[in-house]
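Chain by chain, the residues run as shown.
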Amino acid sequence: MRSKVHQSIYAFSLLVLAVGIPTSNAVMNLAGACLFANWVLEWNWKEKWNLLKNNRLAIVLAAFFFLFVFTLFQTDHWQLAFQSLASKTPFFYLPIIMASSKPLNIKWQRFIILGFVISVVVSSFLSLFIMYLKDIQDIREGGLFISHIRFSICCALSVIFALYFSLQKNGYSPAIRVGCFAAAIWLVIYLFVIQVFTGIFVLFIVTLAVVFYFLFSHKKSKTIRLLLAASCIFLIGLLSDLAVITYQYYHYDATGEANLPLVTSQGNEYEHDRE
């Protein structure tokens, strides 16, 4: 009974964490605190150690945290350095907690990932809606809830998860599969709309890795042709978008200067800095 309670708290905390990653730092930190407290209160250290020592990937991921610690020796601003280090502690404790806890069943795993995808999709719609209401000019401020770079990475990962769920014929209803496919298409469009290069680059790399995985693991010629065609279309779209962004960055459009107002509503002259 005690084990089931801790397992339920662990699963629910992971769900809250998945929802909090693309929406709120406060929710994410609260979920992390609950995970840590539940992990300590389980008090089954022997079982945790046996699970952890057999998971080398988790140990390697946790070790990356010490790279951030190493950078502290090169800073002159210790207060900011420790604040930055505190924000990166999930890189250390999350791999250890998840690797040393009893794995969740497949239903909970799918539920948590779907929760993450849904929260990203909802946040993307809300961010565009708020940008429209507030008339925000810098479209890169699409991540209104968290850093736009982090949110773009969440979008890229959600595309992969959503596409994976949409291709699963067993265990998912047609409505869920269609919804996941629509979510993937929308998030790809959203990434190109907000034009955050980090998210587009992550999406490209992950997609390329998935394509190569299927190319080497499936020997059906039809599957290979479809994957190659999809990869070429995606690559052409990505390179075209990057070319447009690069051109706009290095070629300043001065046509709008002729329409700049000369005086304010109070009759005072504007001073336009055109450099």
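Before any of the text, the structure's been laid out above.
Anyway, here's the lowdown on the structure attached to this text. These numbers come from a predicted model, not from an experiment.

## Looking at the overall build of the protein chain
Part 1: What the protein chain contains, in helices and strands, is 12 helices and zero strands.
Part 2: Reading the protein chain from its N terminus to its C terminus gives the helix and strand order α-α-α-α-α-α-α-α-α-α-α-α.
Part 3: For the protein chain, buried positions account for 31% of its 275 residues.
Part 4: Excluding contacts between residues fewer than 6 apart, the proportion of contacts in the protein chain whose partners are at least 24 apart in sequence is 67%.
Part 5: Counting only carbon and sulfur atoms, one obtains 69% of the accessible surface of the protein chain, whose full area is about 18600 Å².

## Considerations on the packing of aromatic side chains
Aromatic ring pairs: the centre-centre distance and the angle between the two ring planes describe each pair.
Part 1: All told, the structure shown has 12 aromatic pairs when counted by the stated rule.
Part 2: With a centroid separation of 6.2 Å and an interplanar angle of 35°, the aromatic rings of Phe36 and Trp39 are classed as tilted. Residue Phe36 and its partner Trp39 are located together in helix H2 (residues 25-42), separated by three residues, close to a single helical turn.
Part 3: On the basis of relative accessible area, Phe36 is assigned to the partly exposed category, the value being 43%.
Part 4: Consider the rings of Phe65 and Phe92, whose centres lie 5.5 Å apart with planes at 40°: the pair is tilted. Of this pair, Phe65 sits in helix H5 (residues 65-71) while Phe92 is found in helix H7 (residues 90-99), placing the two residues 27 residues apart along the sequence.
Part 5: When its relative accessible area of 11% is taken as the criterion, Phe65 is described as buried.
Part 6: For Phe92, a relative accessible area of 32% gives the class partly exposed.
Part 7: Aromatic rings pair up to connect Phe36, Trp39, Trp43 and Trp45 into one cluster.

## Observations regarding a nonpolar patch on the surface
Part 1: Taken together, the side chains of Leu57, Val60, Leu61, Phe64 and Leu67 make up a nonpolar region of the molecular surface, amounting to roughly 480 Å² of accessible area.
Part 2: For the nonpolar patch, the element with the highest residue contribution is helix H4 (residues 56-63), accounting for three residues.
Part 3: Following the sequence through the fold, Leu57 ends up in helix H4.

## Notes on the packing of helix H8 (residues 106-134) against helix H9 (residues 148-166)
Part 1: Close contact between H8 and H9 brings their axes to 9 Å; oriented N to C, the two are set at 130°. Compared by their axis directions, H8 and H9 come out oblique. Considering how the two elements wind past one another, H8 and H9 form a crossing that is left-handed. Along the contact surface, H8 presents Arg110, Ile113, Leu114, Phe116, Val117, Val120, Ser123 and Ser124, while H9 presents Phe151, Cys154, Cys155, Leu157, Ser158, Phe161, Ala162 and Phe165.
Part 2: Looking at the contact of H8 with H9 residue by residue, the classes come out as 12 nonpolar, three polar and one charged.

## Here's the deal with the pattern of salt bridges
Part 1: Under the counting rule described, the total for this entry stands at one salt bridge.
Part 2: Taking the shortest distance from any N to any O, the salt bridge between Lys48 and Glu42 comes out at 2.7 Å. In this structure, Lys48 and Glu42 share a single accessibility class: buried.

## Quick look at the side chain of Glu42
Part 1: With respect to the element layout, Glu42 can be found in helix H2.
Part 2: Look past the residues within four positions of Glu42 in its chain and what remains in contact with it is Arg2, His6, Lys48 and Ser101.

## Focus on the packing of helix H1 (residues 2-20) against H2
Part 1: Relative to each other, H1 and H2 sit at 160°, their axes nearing to 8 Å. With respect to each other, H1 and H2 are oriented roughly antiparallel. In this structure, H1 crosses over H2, and the sense of that crossing is left-handed. Each of Arg2, His6, Ile9, Tyr10, Ser13, Leu14, Val16, Leu17 and Gly20 in H1 lies in contact with H2, whose residues at this interface are Val27, Met28, Ala31, Cys34, Leu35, Asn38, Leu41 and Glu42.

## Side note on the side chain of Ser101
Part 1: Here Ser101 shows up in the loop between H7 and H8.
Part 2: Ser101 sits in the buried class, given a relative accessible area of 6%.
Part 3: A polar side-chain atom of Ser101 sits 2.6 Å from the main-chain carbonyl oxygen of Ile97.
Part 4: Setting aside anything within four residues of it in sequence, one finds Ser101 in contact with Tyr10, Trp39, Glu42, Lys48 and Leu51.

Quick notes on the rules
- Residues numbered from 1 in each chain as written.
- Predicted model: local features only at pLDDT ≥ 70, side-chain atom pairs only at ≥ 80, totals over all residues.
- Heavy atoms only, no water.
- Helix = DSSP H or I, 4+ residues; strand = E, 2+ residues; numbered from the N terminus.
- Buried < 20%, exposed > 50% of the residue type's maximum accessible area, 1.4 Å probe, protein only.
- Contact = heavy atoms within 4.5 Å.
- Areas by Shrake-Rupley, 256 points an atom, 1.4 Å probe, with all protein chains shown as cover.
- Phe/Tyr/Trp six-rings, centres within 6.5 Å; stacked < 30°, edge-to-face > 60°.
- Patch = residues over 30% accessible without salt bridge, like charges linked within 9 Å, V, L, I, M, F, W, Y side chains within 5 Å.
- Salt bridge = Lys/Arg side-chain N within 4 Å of Asp/Glu carboxyl O.
- Axes fitted to C-alpha atoms, helices over the stretch in contact; angles between N-to-C directions.
- Parallel < 35°, antiparallel > 145°, perpendicular 65-115°, else oblique.
- Left-handed = near helix turned anticlockwise from the far one by under 90°.
- Nonpolar A, V, L, I, M, F, W, Y, C, P; charged D, E, K, R; others polar.
- Polar contact = N/O pair within 3.5 Å; in protein donor to acceptor, adjacent residues only side chain to side chain.

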